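An overview of the molecular structure
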Amino acid sequence: MTSVCPKPGQTLVLFLLMSKKAKIAILGDFPIGNICDEYQARTSFYPTWLFMLYKAFIRSDEFDIHWIIVDTNCKKSTQLTVENQTFHVLPGSKLMVGLYTGYLYNRWQISRCVKRIKPDIFHAWGTERFYGLAAKDFKGKSILSVQGLLSVCCKRAKMSPFENKHRLYEKGVLRSVDFITTESPWARDRVLEIAPKANITLCEYAIEPAFFSLERQLSDEPSCLISCSNAPIKNIPLAISAFSEPALSHVKLYMAGASPERYPDLPPNIIPLGRLCRESLIEHLSKCWCVVHPSLADTGPTAVKEARAAGVPVILTTECGAKQYVKHGESGYIIASNNKQELIEAVLAVTKSKENAQKMGAIEVERCRAALSCDNMYASFRELYNNVLLS
């Protein structure tokens, strides 16, 4: 991150900023059901790093934090305060209605809320749906944190009509916001392909601390875990094809997130698990010999980060943003995208013995945990907020 030194004329501004709390409005898919029973339905799918950021703000009173959450089931705007952070829950339109209307209703609701808050910084999480568009609308200092890049995914895999339509919004957003954060150099480089003049800062997005203290008890037989959605960009068919080969028939592949109905007639060593709760995922992670992530494009796969923080070796492709946590040939393997033979050879290398899998997983695990900690994430965004306030 590039630090910003105040010019002589900025000294007074800096003093005034330090004399009061800067007000930060954060828009994203925050799991408010985790802190308020009334919204329990919102806890199914969410970016785990947003909850980690909320926890970090609890330990610091440096900023006045306002979370903005749009809920299609909400009938009227609601405001609540938890741990000295303010939550604004707003009604919103259905997904497809929003897509074909430019999310005008949602953006209007957010704009009204922002006018009441009067933030010093507006921070939106994700180009998905309307978040980035709201950051583009804001007449002030805006930050957009990239969580995925539909423009890239649609070039590399057959995505849904919704995603193909929505990527057109994404390009305009990336070229319009003041500041952008990405969680990996890979993601930064992809953003620069779309928006060459973007002001980008690398800020790691934290994972849940449960993965830092996971006790490894490997299965007796060699096993691998793939944890991702059924989206074409995740490239599950490549893993299925590789583990269907005789060379890997002795290695079990557990597929978390893959539904059995979608993948019928699999060989006995490939087991689709469907959607798992966090506890079940952690249990499978503790037993597997390695994690496989054959994605065609991924800004910073959480599954890879969780595995490395848990001391599990990882096999992933060159098109994954979490490559910085895998030391090729030591804590895992980085293979060419869509190369089945390289995947087979990497799995055989990791699973040649239980001792080898344990040893590989332990390499640089403390470095991974430090980088993926809540404290490190907060330090990065604290510095970014202060730099943006001075810009």
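To start, this report covers the structure provided alongside it. (Residues numbered from 1 in each chain as written. Predicted model: local features only at pLDDT ≥ 70, side-chain atom pairs only at ≥ 80, totals over all residues. Heavy atoms only, no water.)

All right, on to the pairing of strand β3 (residues 78–82) then. Pairing between β3 and strand β4 (residues 85–91): 5 bridges, direction antiparallel. Its bridge partner being in β4, Thr 78 is matched across the sheet by Val 89. Counting the residues between successive antiparallel strands, the hairpin from β3 to β4 contains 2 residues, one of them, Glu 83, with a positive phi of roughly 50°. (Pairing = 2+ DSSP bridges. Helix = DSSP H or I, 4+ residues; strand = E, 2+ residues; numbered from the N terminus.)

Turning our eyes to something else, we now look at the sheet that holds β3. Within the open sheet, the 8 strands sit side by side as β3-β4-β2-β1-β5-β6-β7-β8. Their pairing is mixed. The two strands at the open ends of the sheet, each matched to only one other strand, are β3 and β8 (200–202). Averaged over all neighbouring strand pairs, the angle between strand axes comes to 20°, with direction disregarded. (Axes fitted to C-alpha atoms, helices over the stretch in contact; angles between N-to-C directions.)

By size, the foremost hydrophobic cluster in this structure holds 43 residues, and its most contacted members are Leu 27, Ile 68, Ile 110, Phe 122, Leu 174, Ile 180 and Val 191. Broken down by secondary-structure element, the contributors of at least two residues to this core are β1 (22–27), β2 (63–71), α4 (104–117), β5 (121–125), α5 (131–137), α6 (150–156), α7 (161–174) and α8 (185–194). Once residues lying within four places of it in the same chain are set aside, the contact partners of Val 191 are Val 146, Leu 149, Leu 174, Ile 180, Thr 182, Ala 198 and Ile 200. The next biggest cluster of nonpolar side chains, apart from the first, holds 39 residues, and it includes Tyr 205, Cys 374, Phe 381 and Tyr 385. (Core = buried A, V, L, I, M, F, W, Y, C linked by side-chain atoms within 4.5 Å. Buried < 20%, exposed > 50% of the residue type's maximum accessible area, 1.4 Å probe, protein only. Contact = heavy atoms within 4.5 Å.)

All right, on to empty space enclosed by the protein then. Summed over the entire model, instances satisfying the criterion amount to 1 cavity of 30 Å³ or more. Estimated volume of the largest cavity: approximately 40 Å³. Every residue lining the largest cavity is listed: Leu 225, Ser 227, Leu 281, Leu 285, Val 291, Ala 303, Glu 306 and Ala 307. Elements that contribute at least two residues to the lining of the largest cavity include exactly β9 (223–227), α10 (278–287) and α11 (302–309). It is α11 that provides the largest number of residues to the lining of the largest cavity, a total of 3 residues. (1 Å grid on protein atoms, 1.4 Å probe; cavity = no way out; pocket = protein on both sides within 12 Å on 5 of 7 lines; lining within 4 Å. Points joined across faces, edges and corners; volume = space filled by probe spheres on them.)

Our focus in this paragraph is the packing of helix α9 (residues 236–243) against helix α12 (residues 340–350). Packing of α9 against α12 leaves a shortest axis separation of 9 Å and a crossing angle of 60°. For the element pair α9 / α12, the angle class is oblique. Viewed along their axes, α9 and α12 form a crossing whose handedness is right-handed. Residues Leu 238, Ala 239, Ser 241, Ala 242 and Phe 243 of α9 pack against Lys 340, Leu 343, Ile 344 and Val 347 of α12. For the contact of α9 with α12, the residue count by class is 7 nonpolar, 1 polar and 1 charged. (Parallel < 35°, antiparallel > 145°, perpendicular 65-115°, else oblique. Left-handed = near helix turned anticlockwise from the far one by under 90°. Nonpolar A, V, L, I, M, F, W, Y, C, P; charged D, E, K, R; others polar.)

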